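Observations on the model geometry
Below, each chain spelled out in residue letters.
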Amino acid sequence: MVISSRLNNYRRNQLFAKTKQPYLPFLMAIVFALVMMVVDSQTPFLAAVRYALSVALSPLYYVVDAPARVQTWAVSALRAKKDLLQDNEQLRQQDMLSQAKLLQWAALERENKQLRAFFASPARERTQVTVAQVLAVSTANTRQLLILNKGTRDKVFVGQPVLDEQGVMGQIIDVGYMTSTLLLIADSQCAVPVRNQRTEERAILVGTNRLDQLSLINLPKTSLIKTGDLLVTSGLGRLYPEGYPVGTVMQVHNKPGDAFVTVDVQPVAALKKSHLVLLLWPEKEHAVYTAQINERLQSMDTKV
Amino acid sequence: MKSLSLRLFLAHVIALLMTIVPLPTVLQPIRPPWVLLLLLYVQFFLPQAFYVAWVVLLGFCLDLLQSTLFGQHALALLITTWVASGWVQTFRFFTIYQQMVLVALFGLCYQFLLNVCEAICGHTHGFFWMFGVALICLMGWPWVRFLADRLFIDYKKMHKGAIHGLSSY
């Protein structure tokens, strides 16, 4: 037994306490936070917790977005009648031109179906598309993320590709009940399999955390790529459907000592200026084909 | 709105809202850490209302709102408030300028921890931006103190108590 020189009522005598707040709650909470970080980064077990919290916090996004919506409404409400009539006329003309293009594409689609039937290839089904609105909220500075106003109640899912009217914007990485998080292709952790429309060469396009520049990596020195080439999605990896424009080549760096060619690419989509985006749903047989492809790849790996 | 708990809860909600309000791109890296400033005020001036579990919950809310790793903001808030807990007894006796410097150091600590977590996750961030955050904390602290004093501390009751205490002699 240790005889202590402290008073028996030391712990109760808080009036002249010289110690800090107790450290044990802080220590336990820090360990808990570290464990949460490891679990969230390595496993999907916290998805349910994130989802539950997002149900409670999603209204905050809408509250912050409200002033931007009010401003947009006020600007449109206060515009002169003459400007509105002019805009209306321009949109009518654009609509007529789009309808004419659609008629052309419908004819091409019919012809494509007939050719596929002739060569006994399966026909491509239409992909379902929904419009979503980008909420005017801010996210982490180190990531290129956007928050959309669609969630699980609108059947949005993780990995869903997102476009704007010009090209590919990114993919959904997190889904809540009312909102979802879009990872832009400009983020350094986003990679898109692309194909050069002119030369049919395949490569991987990665983000550089800059909205106006992406980078093609691991391109061999024998590549025929040049400035102005249009890069479209190649469909490899089964994440992005094939054929959607991603970016145009700005500059090709071919240094003598390097093993690969580095290419600067400008994204086609207006990454942080778009207010409306398009969410794509895959074709009905997409899941079946993806499973068959993965099975075949795994069997090839085991044989090797 | 007489209940202190309700006022504190609403203040924390407003701090979370301020964290996701869009700012011009130039000002984004030096956004004031509103939640940290409010927690520091509560820790120093309303210690009876400071709970570690509440810090953890706020951190998780920040992680979700900012789409970062779950636990990242909670860890930064916890370590910063733990360091600040050593100054709880003496902070309120500092002059406002001393308080501003100390709060700037806490802001620097908080942003440094966030940068380290982001770096471990593979996201780069400008190293010197955290000094901008510290500067913003230094300039913002008097305003936070002024507003929070008006919102949470009932000066009439305090003065009544002081006068009553004096009159009893």
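Residues numbered from 1 in each chain as written. Chains lettered and ligands numbered in written order. Predicted model: local features only at pLDDT ≥ 70, side-chain atom pairs only at ≥ 80, totals over all residues. Heavy atoms only, no water.

What to know about the overall build of chain B
Here is the rule: Strands here mean DSSP runs of E at least two residues long; helices mean DSSP runs of H or I at least four residues long; both are numbered from the N terminus. Contact between two residues is taken to exist if any of their heavy atoms lie within 4.5 Å; hydrogens are not considered. Per-residue accessibility takes into account occlusion by the displayed protein chains alone, with areas from the Shrake-Rupley method and a 1.4 Å probe.
In terms of regular secondary structure, chain B is built from 8 helices and 0 strands. The N-to-C order of helical and strand elements in chain B reads α-α-α-α-α-α-α-α. Look at the contacts in chain B between residues 6 or more apart in sequence, and 65% of them connect residues 24 or more apart. Of the roughly 8600 Å² of accessible surface on chain B, a fraction of 75% belongs to carbon and sulfur atoms.

Overview of the overall build of chain A
Spelled out, the test is: When accessible area is computed with a 1.4 Å probe and restricted to protein chains, residues below 20% of their type maximum are described as buried, those above 50% as exposed, and intermediate ones as partly exposed.
Counting its secondary structure elements, chain A contains 4 helices and 12 strands. Here chain A holds 304 residues, and 33% of them are scored as buried. For chain A, long-range pairs separated by at least 24 residues make up 59% of all intrachain contacts whose partners lie at least 6 apart in sequence. Accessible area of chain A: about 19900 Å², with a carbon and sulfur share of 59%.

Digging into the nonpolar core
Residues and elements named next belong to chain B. Quick reminder of the rule: In these notes, a set of buried Ala, Val, Leu, Ile, Met, Phe, Trp, Tyr and Cys residues joined through side-chain atoms within 4.5 Å is what counts as a nonpolar core.
Counting 68 residues, the largest nonpolar core has Leu78 and Trp141 as the members making the most contacts within it. No other element matches the 10 residues that helix H2 (residues 34–45) contributes to this core. Non-local contacts of Trp141, meaning those with residues more than four positions away in its chain, are made with Leu37, Leu40, Tyr41, Phe45, Phe91, Ile96, Gln99, Met100 and Val103.

Focus on unusual backbone geometry
All names here are of chain A. Within the chain, Glu200 stands out as a residue other than glycine whose phi angle is a positive 65°. Considering the arrangement of structural elements, one finds Glu200 in the loop between strand E6 (191–196) and strand E7 (202–210). With a relative accessible area of 45%, Glu200 lands in the partly exposed category. With a phi close to 65°, Asn209 is a non-glycine residue in the positive phi region. Tracing the sequence through the fold places Asn209 in strand E7.

Some details on the sheet that holds strand E5 (residues 180–184) of chain A
Residues and elements named next belong to chain A. Applicable threshold: DSSP bridges decide pairing: two strands pair if at least two such bridges lie between them. Axis lines are fitted through C-alpha atoms, for helices just across the contact stretch, and the angle between N-to-C directions can take any value from 0 to 180 degrees.
Spatially, the 6 strands line up as an open sheet ordered E1-E12-E3-E4-E5-E2, and their pairing is antiparallel. Across the chains shown, the open sheet's two edge strands, defined by having one partner strand only, are strand E1 (128–133) and strand E2 (145–148). Strand-to-strand, the axes of this sheet are offset by a mean angle of 35°, without reference to chain direction. Bridge count between E2 and E5: 4 bridges; the pairing is antiparallel. By the bridge assignment for E5, Leu145 is matched with Leu183.

Some remarks on the interface of chain A and chain B
Bring the parts together and some accessible area is lost; that lost area is often taken as the interface size. We count it as follows: Note on terms: buried area is the combined drop in 1.4 Å-probe accessible area of two parts once they are placed together, counting the loss on both. Here a salt bridge means any side-chain nitrogen of Lys or Arg lying within 4 Å of a carboxyl oxygen belonging to Asp or Glu.
Opposite the 40 residues of chain A that make contact, chain B presents 42 residues. For the pair chain A and chain B, the summed buried area comes to about 3600 Å², and 71% of that belongs to carbon and sulfur atoms. Interface area lost by chain A to chain B is led by A:Phe26, A:Met37 and A:Ser138, which between them contribute 18%. In this assembly, chain A and chain B are joined by 0 salt bridges.

Comments concerning the sheet that holds strand E11 (residues 261–267) of chain A
Residue and element names in this part refer to chain A. A barrel is described by the order of its strands in space; here 6 strands give the closed sequence E6-E7-E8-E11-E10-E9, paired in antiparallel fashion. When the angles between neighbouring strand axes are averaged without regard to direction, this sheet yields 45°. When strand E9 (residues 230–233) meets strand E10 (residues 245–253), the two strands line up antiparallel, connected through 3 bridges. The residue of E10 that forms the bridge with Leu231 is Gly247.

Things to note about the pattern of salt bridges
All names here are of chain A. A full pass over the atoms with the stated rule returns 10 salt bridges over all chains. Between Asp40 and Arg50 there is a salt bridge, with its nearest N and O atoms 2.8 Å apart. Note that Asp40 is positioned in helix H1 (residues 24–42) and Arg50 in helix H2 (residues 47–77), a separation of 10 residues in sequence. Residue Asp40 is classed as buried on the basis of its relative accessible area, which comes to 16%.

Here's the deal with the confidence of the model for chain B
Atomic detail in the predicted coordinates should be set aside for any region of low pLDDT. Residues and elements named next belong to chain B. We count it as follows: Confidence of the predictor at the level of single residues is captured by pLDDT, which takes values from 0 to 100.
For chain B, the average pLDDT comes to 87, and 89% of its residues sit at 70 or higher. Low pLDDT, under 50, characterises residues 165–169; the stretch is placed with 0 contacts to residues that sit more than four places away or in other chains. Reported confidence for the predicted complex is 0.87 by ipTM and 0.80 by pTM.

What about the pairing of E9(A)?
In terms of strand pairing, E6(A) meets E9(A) through 3 bridges, oriented antiparallel. The residue of E9(A) that forms the bridge with A:Arg195 is A:Val232.

Description of a nonpolar patch on the surface
Residues and elements named next belong to chain A. Our working definition: Like charges within 9 Å and nonpolar side chains (Val, Leu, Ile, Met, Phe, Trp, Tyr) within 5 Å are joined into patches, using only residues over 30% in relative accessible area that form no salt bridge.
Taken together, the side chains of Tyr23, Leu24, Leu27, Met28, Val31 and Val35 present a nonpolar region at the surface, about 580 Å² in accessible area. Looking at where Leu24 falls in the secondary structure, it is placed in helix H1. Taking relative accessible area as the criterion, Leu24 reaches 46% and is therefore assigned partly exposed.

Notes on the packing of H2(B) against helix H4 (residues 72–85) of chain B
Residue and element names in this part refer to chain B. Put simply, the rule reads: Throughout this description, any angle smaller than 35 degrees is read as roughly parallel, any larger than 145 degrees as roughly antiparallel, any in the 65 to 115 degree range as roughly perpendicular, and the remainder as oblique. Handedness of a crossing follows from how the near helix is turned relative to the far one, being left-handed for an anticlockwise turn of less than a right angle and right-handed for a clockwise one.
Running from N to C, H2 and H4 point in directions that differ by 30°, and their axes come no closer than 11 Å. Here H2 is positioned roughly parallel relative to H4, judged by the angle of their axes. Both H2 and H4 take part in a crossing whose hand is right-handed. Note on element contacts: H4 touches H2 through Leu77, Thr80, Thr81, Ala84 and Ser85, opposite Val35, Leu36, Leu39, Leu40, Gln43 and Phe44.

Digging into the packing of aromatic side chains
Here is the rule we go by: Each aromatic pair joins two rings of Phe, Tyr and Trp (for Trp, the six-membered one) with centres within 6.5 Å, and gets the label stacked for planes under 30 degrees apart, edge-to-face for over 60, and tilted for any other angle.
Considering all chains together, one arrives at 15 aromatic pairs over all chains under this definition. Pairing A:Phe26 with B:Trp82 gives two aromatic rings, centres 6.3 Å apart and planes at 5°, and the pair type is stacked. Of the two residues, A:Phe26 is situated in helix H1 and B:Trp82 in helix H4; the pairing between them involves two chains. Classification of A:Phe26 as buried rests on a relative accessible area of 1%. Three or more aromatic residues joined by ring pairs form one cluster here, namely B:Tyr41, B:Phe44, B:Phe45, B:Trp87, B:Phe91, B:Phe94, B:Phe106, B:Trp141 and B:Phe152.

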